[in-house]
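Report on the structure
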Amino acid sequence: MKEVQDHYFKKAKTEGYVARSAYKLEEIDQKQGLIRPGFCVLDLGCFPGSWMQYTAKRVGPKGKVLGIDIQNLEMGLGPNQAFLHQDILSLDLETLAPYGVPFDLVLSDMAPSTTGHKATDGARVLGLNQMALWVARRWLKTGGDCLIKVFHGPAFEPLLKQMKTEYTKVKPFKPKSSRKESSEVFLLGQGKLSVSNPGEP
Ligand SMILES: C[S@@+](CC[C@H](N)C(=O)[O-])C[C@H]1O[C@@H](n2cnc3c(N)ncnc32)[C@H](O)[C@@H]1O
């Protein structure tokens, strides 16, 4: 397994990605045709930026990717990339309006800082996942897709259940490049239902 991790680490270095996480998104994209040329994509928890790098290539010059993170991005940005240095909880329409709301696709690779205390960490994960869903509920277009990193544990079932009420289809993914020992799994909500789009207040 270590060899597989080294493989992705080396590959990322050679291909100019700031992190190996790009290959998780690439694998899901290749299977599902998630990202299309011209798309406006919102990337929640984007630091250090490998999902933004991959997405920017896929959406091309007519598309856009907006990344958001509480950590400041260090990499340079291309003409179809933008970054907001803030907590996703503080997002509002005024902030997002210049970047193409409603978005065609919402991605979340967010992870909270952990304490080692199982119940506390589970609650933090669930809180963050629910925030990602809340963002998609407000600013993802009807019919759009939403990919959220979740973790097996107490947060998994409630989130899956919630997503099933808001998307036509929900599929789990465990990409090859994701460490086997990691409990991370990605939930893809396809086809956001219009009932979950209450519009802007
Ligand atoms: C695993 S990293 C993302 C890696 C990224 N997808 C990439 O490919 O480079 C998770 C990120 O989520 C961010 N994060 C956690 N909570 C957040 C919040 N409330 N608002 C914005 N970003 C958050 C963390 O700061 C961290 O940088």
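Per chain, residue numbering runs from 1 following the sequence as it is written. Where local features are concerned, this predicted model is filtered to residues with pLDDT of at least 70; where side-chain atom pairs are given and counted, the filter is 80 or more; whole-chain, interface and lining totals use all residues. Only hydrogens and water are set aside when side-chain values are computed; all heavy atoms of the structure are taken into account.

1. Looking at the sheet that holds strand 3 (residues 81–85)
Quick note on the threshold: Should DSSP find at least two bridges between two strands, the strands are regarded as paired. In this text, helices come from DSSP runs of H or I with a minimum length of four residues, and strands from runs of E with a minimum of two, each type numbered from the N-terminal end. Here an angle of 0 to 180 degrees is reported between the N-to-C directions of two axes, which are lines fitted to C-alpha atoms, with helices fitted over the stretch in contact. For this analysis, residues touch if any pair of their heavy atoms sits within 4.5 Å.
Strand order in the open sheet made by the seven strands is 3-2-1-4-5-7-6, with mixed pairing throughout. Single-partner strands in this sheet number two, and they are strand 3 and strand 6 (167–173). For this sheet, the mean inter-axis angle between neighbouring strands, taken without regard to orientation, is 15 degrees. As defined by bridge partners, strand 5 (residues 140–151) adjoins strand 7 (residues 184–192) across six bridges and the pair is classed as antiparallel. Bridging across to strand 7, Ile148 finds its partner in Leu187. The strands touched by helix 2 (residues 22–32) within the sheet are strand 4 (103–108), strand 5, strand 6 and strand 7, with strand 7 carrying the most contacts at an inclination of about 40 degrees. Contacting strand 1 (40–44), strand 4, strand 5, strand 6 and strand 7, helix 5 (residues 118–139) crosses the sheet at an angle of about 170 degrees to strand 5.

2. Topic: the UniProt feature "domain: Ribosomal RNA methyltransferase FtsJ" (unreviewed entry) in the protein chain
The test is simple: UniProt positions are given in the numbering used here, feature names are shortened, and annotations may be inferred rather than shown by experiment.
Cross-referencing UniProt, the feature "domain: Ribosomal RNA methyltransferase FtsJ" (unreviewed entry) maps to residues 17–192 in the present numbering. Taken as a whole, residues 17–192 contains 33% helix and 28% strand, while its terminal C-alpha atoms sit 30 Å from one another.

3. A closer look at the nonpolar core
Test applied: What we call a nonpolar core is a set of buried Ala, Val, Leu, Ile, Met, Phe, Trp, Tyr and Cys residues that are connected through their side-chain atoms within 4.5 Å. Classification of residues uses two cut-offs on accessible area relative to the type maximum, computed with a 1.4 Å probe and protein chains only: under 20% is buried, over 50% is exposed, and between them is partly exposed.
Counting 33 residues, the largest nonpolar core has Leu44, Leu66, Ile68 and Leu91 as the members making the most contacts within it. When residues in this core are grouped by element, the largest group, seven residues, is from helix 5. Discounting residues that sit within four places of it in the chain, Leu91 has contacts with Leu44, Ile68, Leu84, Gln86, Leu96, Trp134, Val135 and Trp139. Among the nonpolar cores identified, the runner-up in size contains 27 residues, and Tyr23, Phe39, Met75 and Phe173 belong to it.

4. With respect to the environment of Asp121
Its location among the elements puts Asp121 in helix 5. Look at Asp121 and you get buried, because its relative accessible area is 13%. Taking the C-alpha atoms as reference points, Asp121 and Leu107, 14 residues apart in sequence, are found 21 Å from one another. Setting aside anything within four residues of it in sequence, one finds Asp121 in contact with Thr114, Thr115 and Gly116.

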